[in-house]
Structures are given as C-alpha cells and as structure tokens.
Amino acid sequence: MGRVIAIANQKGGVGKTTTAINLGAALAKNEMWTLIIDCDPQANTTGGLGFPKDPSRRSIYHALMHDVPLRDLAIATGMEGLQLVPSEKNLVGAPVEMVEQPEREHFLRKRMEGFRDQFNFTLLDCPPALDLLTLNALVAADSVIVPVQCEYFALEGVSELLDTLIRIRRTHNPRLAVEGILLTMYDERNNLSHQVRDDLRDFFGDQVFKSLIPRNVRLAEAPSFGKPIFLYDPDCKGATSYLELAQEVIAHDQKGLGAGA
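For clarity, every value in this text was computed on a predicted model and none was experimentally measured. Throughout this description, residue numbers start from 1 for each chain and increase along the sequence as written. Since the coordinates come from a predicted model, pLDDT governs what is reported: local features require at least 70, and pairs of side-chain atoms require 80 or more to be given and counted, while whole-chain, interface and lining totals use all residues. To obtain the side-chain values, all non-hydrogen atoms of the structure were included, while hydrogens and water were left out.

**Q** Residue-level account of the overall build of the protein chain, with values.
**A** Each helix is a run of DSSP H or I of at least 4 residues and each strand a run of E of at least 2, with the numbering of both proceeding from the N terminus. Within the protein chain one finds twelve helices and eight strands. A globule of 261 residues ought to have a C-alpha radius of gyration of about 18 Å, and the protein chain, at 17 Å, matches this closely. Dimensions of the protein chain, computed from the C-alpha atoms along their principal axes, are close to 50 × 40 × 30 Å. Accessible area is worked out with a 1.4 Å probe on protein chains only. A residue is then buried under 20% of its type maximum, exposed over 50%, and partly exposed in between. With 261 residues in all, the protein chain has 57% of them scored as buried. Within the protein chain, contacts between residues separated by at least 24 positions form 78% of all contacts whose residues are at least 6 apart in sequence. The protein chains shown are the only cover counted for residues, whose accessible areas, like all others here, come from Shrake-Rupley with a 1.4 Å probe. A total of about 11,800 Å² of accessible surface is found on the protein chain, and carbon and sulfur atoms cover 49% of it. For the protein chain, the distance from the average position of its 27 positive side-chain charges to the average position of its 34 negative side-chain charges is 1 Å. We take the radius of gyration over the C-alpha atoms and set the globule estimate at 2.2 Å times the residue count to the 0.38 power. Any two residues whose heavy atoms approach within 4.5 Å at even a single point are treated as in contact. Asp and Glu count as negative and Lys and Arg as positive, but His and the ends of the chain are not part of the count. All charge positions are set by atom: Lys at NZ, Arg at CZ, Asp at CG, Glu at CD.

**Q** Tell me about the packing of helix α1 (residues 16-29) against helix α11 (residues 237-255), residues and numbers included.
**A** In contact at an axis separation of 8 Å, α1 and α11 are set at 70 degrees when each is read in the N-to-C sense. Viewed along their axes, α1 and α11 adopt a mutual orientation that is roughly perpendicular. Taking contact as the criterion, the partners of Thr18, Thr19, Asn22, Leu23, Ala26, Leu27 and Lys29 in α1 are, on α11, Tyr242, Leu243, Leu245, Ala246, Val249 and Ile250. Each residue gets one label: Ala, Val, Leu, Ile, Met, Phe, Trp, Tyr, Cys and Pro are nonpolar, Asp, Glu, Lys and Arg are charged, and the others, such as Gly, are polar. Grouping the constituent residues of the contact of α1 with α11 by class yields nine nonpolar, three polar and one charged. Here an angle of 0 to 180 degrees is reported between the N-to-C directions of two axes, which are lines fitted to C-alpha atoms, with helices fitted over the stretch in contact. Working definition: roughly parallel below 35 degrees, roughly antiparallel above 145 degrees, roughly perpendicular at 65 to 115 degrees, and oblique for all remaining angles.

**Q** Any chance you could break down the packing of aromatic side chains for me, citing the residues and the numbers?
**A** Working definition: rings of Phe, Tyr and Trp (its six-membered ring) pair if their centres are within 6.5 Å, and the pair is stacked with planes under 30 degrees apart, edge-to-face with planes over 60 apart, and tilted otherwise. Tallying each qualifying case throughout the model produces three aromatic pairs. Ring plane angle 80 degrees and centroid distance 4.8 Å describe the contact between phenylalanine 203 and phenylalanine 204, whose orientation is recorded as edge-to-face. The class of phenylalanine 203 is exposed, set by a relative accessible area of 58%. Owing to a relative accessible area of 11%, phenylalanine 204 belongs among the buried residues under this scheme. With 5.0 Å between their ring centres and 25 degrees between their planes, phenylalanine 225 and tyrosine 232 make a pair best called stacked. A positively charged side chain is recorded as over a ring if its NZ (Lys) or CZ (Arg) lies within 6 Å of the ring centre. The angle to the ring normal must also be within 35 degrees. Taking the ring centre of phenylalanine 107 as reference, the NZ or CZ of arginine 111 above it sits at 5.0 Å.

**Q** Tell me about the nonpolar core, and please be specific about residues and values.
**A** Grouped together as the largest cluster of nonpolar side chains are 52 residues, with contacts concentrated most on Ile37, Ile60, Leu70, Leu108 and Leu124. In this view, isoleucine 37 contacts Ile60, Leu70, Val85, Met112, Thr122, Leu123, Leu124 and Asp125; residues no more than four positions away in its chain are not counted. Here, nonpolar core refers to any group of buried Ala, Val, Leu, Ile, Met, Phe, Trp, Tyr and Cys residues whose side-chain atoms link them within 4.5 Å.

**Q** An account of helix α7 (residues 154-171) is needed here, citing residue identities and associated values.
**A** Multiplying 1.5 Å by the helix residue count minus one yields the expected span of that helix. Between its first and last C-alpha, α7 extends 26 Å over 18 residues, near the 26 Å set by a 1.5 Å rise per residue. Where α7 is concerned, the buried positions are Ala154, Gly157, Val158, Leu161, Leu162, Thr164, Leu165 and Ile168. When α7 is viewed along its axis, its buried side chains cluster within an angular range of 160 degrees and face the same direction. Pointing more than 90 degrees away from the buried face of α7 are the exposed residues Arg170 and Thr171. Taken together, the buried residues of α7 touch α6 (132-140), β6 (143-149), β7 (177-186) and α8 (191-204). The directions from the helix axis to the C-beta atoms form the arc being described.

**Q** Can you break down the pattern of salt bridges residue by residue, with the values?
**A** Within this document, salt bridges are pairs made up of a side-chain nitrogen of Lys or Arg and a carboxyl oxygen of Asp or Glu, the two lying within 4 Å of each other. Applying the stated criterion to the full structure yields ten salt bridges. Of the charged contacts in the structure, one is a salt bridge between lysine 110 and glutamate 103, with a shortest N-O distance of 2.5 Å. Owing to a relative accessible area of 38%, lysine 110 belongs among the partly exposed residues under this scheme. The salt bridge involving aspartate 142 is made with arginine 175; its shortest N-O contact spans 3.0 Å. One end of the pair, aspartate 142, is in the loop between α6 and β6; the other, arginine 175, is in the loop between α7 and β7, and 33 residues separate them in sequence. Because the salt bridges share partners, they merge into one network encompassing Arg116, Asp142 and Arg175.

Written out as structure tokens, the structure is:
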C-alpha cells in the first residue's frame, strides 16, 4: 500500500507548503511516484507548483463534496513522477457543508480508497488550523510530519498538536504515527535556532528528523515562479536539505519505522 503522510501544524508560516512541494519533488527525484493533495483553501501548494487560480479547474473540493474520483482530479506537474490534486477558494466552505454529515471526519479517507495505492507516497498539505479539513487529513494519513520554525514558541505549538494527535488516535485513526518533527528556517548563525533544535531533540528524541531545512532565499523565491526548488535552483542548500529529508522518509518506510513512532 502507498504511504499517506499529512504535513500539519496549527501555526502558520512554519513551512508546511514549502515542505509539501519540495519533499514531494524530492521523493519524485528518488523515483518514488508521489501525489500531493492540497487540503488548504489558500491553494498555495497549487500555485507553488505552477497552477494559478482557475475557476473552471476542479479541485479536492469536488472530491469531498461531489464525489468526483481523485483520479479524475490529479494533474501532472513539471516534475516527472509528481502529481497534484489542486485546491481552490471554495474549499473554505467544505467544513460548513460537512458538519451535519455522518462520519464527516472520514470523507477524505474514503475518497482515497483504491487510489492511494497507485503512488508510493501521498502528501496532504493541511491548512494552518486544527479544523475539519485538517482532521480529515489526519484521519486519512498513516503518519504526520510536523514542521516547526526555529523560534521561541515552537515547543508549545508541537505539544498542542501532539495532544490532538493522541485524541485522533483514540477516536478515529488508531494507526496514526508521528513520521517526524521537522525543523525549518534553521539559521546556523543564530543561537536561538541551536537552542530550539537541542530542546526539541532532548524532548522528542528520535522523532525529530536529522535533516534541517535552512532559512534559504532560493526556497522562498521558488513558489513565485511556480516551481519546486529542483526546477528553480537544484544546487542550493535548500534543495540538498529536502533531498536528505526525502531519503529519511524513504528509509522510515522501508524499515517500517513510521508506523511504530
């Protein structure tokens, strides 16, 4: 079965979308068939992969609310082996439409049945909130990557999210694991970055990825050109970091570590 990984943190600006785009591209570069599902109504992952707003294009909203099969929504990107199920602004209304429906937390999981196995990895880019869209992603996922910006409030945010994951495991998805905590916007010259890194590793141990995503101008520029970093500047430090992260994720999958985290 293909592995489904949600990328989630209720805090905004921690690198969820950057990670979804570039980890997906890095997995594809490692010859892993990869699908990214943009679960955020802001559709930044969709735009960052080169698909500007288009009212006529169907999206994950049509899968959730109109039962359109995901295979009819997946579109090829500029990276070979990487496909995208896009998002759009109408997705913001989906939680309101779902709220009265039975098993509303399982909509995405049901839509993915039979399609997830066509990919080695499926990445779910979640909105910056613990809402019904994020809950759907966490119920559908096998594991979750938690991007954490190297700043003072990082530990508090991670603890809140992990409390939520424990509740989801008890009630909706007992197999949900922590794939890893990912340190983003890491500045080697900054003592605070070192302190946050050390605190997280002391507290969470092996659940923190060894790979560190640096604060990198080229990573920040790439989405404005609608490209993953490997099509924009494949030799920059950010590209190297996401390749290292992809290799960690692949190693987890091959060793079965994610499920036991």
